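In case you want the letters, here they are:
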Amino acid sequence: MNKTTILVVEDDTPVRNLITTTLKTHDYKYLTAKDGASAIMEASSYASPTL
C-alpha cells in the first residue's frame, strides 16, 4: 500500500517523538518540524517541482 507522507508539526519534543514513533510503527512516511517556519521549509522542500 502506498501511504501518504505526513508532516508532524509539534514544538514539544517528547510529544513529537511519540507521534513519529506511532507513525513509524504503522509504516507511514513522515517529516517533522518543531514550528511553523520549519514546517513551511519542510513542506516546500518535499513538494514535487511538477505541482
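Structure: above.
Residues numbered from 1 in each chain as written. Predicted model: local features only at pLDDT ≥ 70, side-chain atom pairs only at ≥ 80, totals over all residues. Heavy atoms only, no water.

(A) Just the environment of T5, in detail. As for its placement among the helices and strands, T5 is situated in strand β1 (residues 5–9). Considering only alpha carbons, one finds T5 and Y28, 23 residues apart in sequence, at a separation of 6.6 Å. If we skip the residues at most four places from it in the chain, T5 touches K29, Y30, L31 and Y46. A polar atom in the side chain of T5 sits 2.8 Å from the side chain of Y46. (Helix = DSSP H or I, 4+ residues; strand = E, 2+ residues; numbered from the N terminus. Contact = heavy atoms within 4.5 Å. Polar contact = N/O pair within 3.5 Å; in protein donor to acceptor, adjacent residues only side chain to side chain.)

(B) Quick look at the side chain of R16. Mapped onto the elements, R16 comes out in helix α1 (residues 13–25). Buried within the structure, R16 lacks any salt-bridge partner; E10 is the closest side chain of opposite charge, at an N-O distance of 6.5 Å. (Buried < 20%, exposed > 50% of the residue type's maximum accessible area, 1.4 Å probe, protein only. Lys, Arg positive; Asp, Glu negative; His and termini not counted. Salt bridge = Lys/Arg side-chain N within 4 Å of Asp/Glu carboxyl O.)

(C) View of the environment of A39. Mapped onto the elements of the fold, A39 is located in helix α2 (residues 36–46). Relative accessible area serves as the criterion here: at 10%, A39 is assigned to the buried category. Sequence spacing of A39 and E10 is 29 residues, and the spatial spacing of their C-alpha atoms is 9.4 Å. When neighbours within four sequence positions are excluded, A39 is seen to be in contact with L7, V9 and A33.

(D) Highlighting α1. In this model, α1 (13 residues) spans 18 Å end to end at C-alpha, consistent with the 18 Å of a helix rising 1.5 Å per residue. Taken residue by residue, α1 has R16, T20 and L23 as its buried positions. Angularly, the buried residues of α1 cover 55° about the axis, an arc narrow enough to put them on a single face. Across α1 from its buried face, at more than 90 degrees, point the exposed residues P14, L18 and T25. Looking at the packing, one finds that the buried side of α1 touches β1 and β2 (29–33). (Expected span 1.5 Å × (residues − 1). Arc of directions from axis to C-beta.)

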